[in-house]
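Reading the structure
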Amino acid sequence: AQSVSQHNHHVILSEAASLELGCNYSYGGTVNLFWYVQYPGQHLQLLLKYFSGDPLVKGIKGFEAEFIKSKFSFNLRKPSVQWSDTAEYFCAVNAMTTDSWGKLQFGAGTQVVVTP
Amino acid sequence: DVKVTQSSRYLVKRTGEKVFLECVQDMDHENMFWYRQDPGLGLRLIYFSYDVKMKEKGDIPEGYSVSREKKERFSLILESASTNQTSMYLCASMKGRETQYFGPGTRLLVL
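Residues numbered from 1 in each chain as written. Chains lettered and ligands numbered in written order. Predicted model: local features only at pLDDT ≥ 70, side-chain atom pairs only at ≥ 80, totals over all residues. Heavy atoms only, no water.

Taken as a whole and assessed by the stated rule, the structure comprises 10 salt bridges over all chains. Note that Arg77(A) and Glu64(A) form a salt bridge whose closest N and O atoms lie 3.5 Å from each other. With Arg77(A) in strand S9 (residues 73-78) and Glu64(A) in strand S8 (residues 64-68), this residue pair connects regions lying 13 residues apart in the sequence. For Glu64(A), a relative accessible area of 18% corresponds to the buried category. The salt bridge partner of Glu79(B) is Lys18(B), with a shortest N-O separation of 3.5 Å. Of the two residues, Glu79(B) sits in the loop between strand S8 (73-78) and strand S9 (87-94) while Lys18(B) sits in the loop between strand S2 (10-13) and strand S3 (19-25), which places them 61 residues apart along the sequence. Glu79(B) sits in the partly exposed class, given a relative accessible area of 42%. Relative accessible area serves as the criterion here: at 44%, Lys18(B) is assigned to the partly exposed category. Counted as one network, the salt bridges with shared partners bring together Lys58(A), Glu64(A), Glu66(A) and Arg77(A). (Salt bridge = Lys/Arg side-chain N within 4 Å of Asp/Glu carboxyl O. Helix = DSSP H or I, 4+ residues; strand = E, 2+ residues; numbered from the N terminus. Buried < 20%, exposed > 50% of the residue type's maximum accessible area, 1.4 Å probe, protein only.)

Residues and elements named next belong to chain B. Taken together, four strands build an open sheet; the order of strands is S1-S3-S8-S7 and the sheet is antiparallel. On the outer flanks of this sheet lie strand S1 (4-6) and strand S7 (64-70), each paired with one strand and no other. Looking at each pair of strands side by side, their axes are set apart by 20° on average, direction ignored. As paired strands, S3 and S8 are joined by six bridges and run antiparallel to one another. (Pairing = 2+ DSSP bridges. Axes fitted to C-alpha atoms, helices over the stretch in contact; angles between N-to-C directions.)

Spelled out as structure tokens, the structure:
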């Protein structure tokens, strides 16, 4: 079975610091990759996604992620975080098999706290 | 914008009760999903449906069933609720194999 691993469960950083969240997956074939974010009290929403093409993808709110196929990784970055980036971040992978039906495998999530 | 709504934000039930969680999407998506979200475990897929009256088991289907009588509505049923089903339940919908859009979630407490 495929698995998705997020390296950190909790991250605490100050405003203006840079953020990088790691994500690795185990499936060796073609994948669609996603980062979702859940702000306190809000529903899960899409930050960015990668289907094909340029492995460096830009999302909303200044986030970007880089797909490195050889490392099975899809790390999320933001150069300068704000207090409003406090949230839980989830990496998700859709293994493009014939029977996957677009099912997503999620990582355990990373709780990010940004202090003023 | 895609809108996915769930019938309740918070629900308290007693052990052994039958529980219905409803999800409605307004974008004519053929695929719908039910997940549960638990701290430290991320989201785990319970069931999904790729068409009306069609359903497939996800990773943790035990203790749950689903119903999809209309394209826009996907229901999750706990036949006999147990305390280990206390969780946040998230519904999602998706067109083709593109992006899943999530509802606000139902936080269920089983006493």
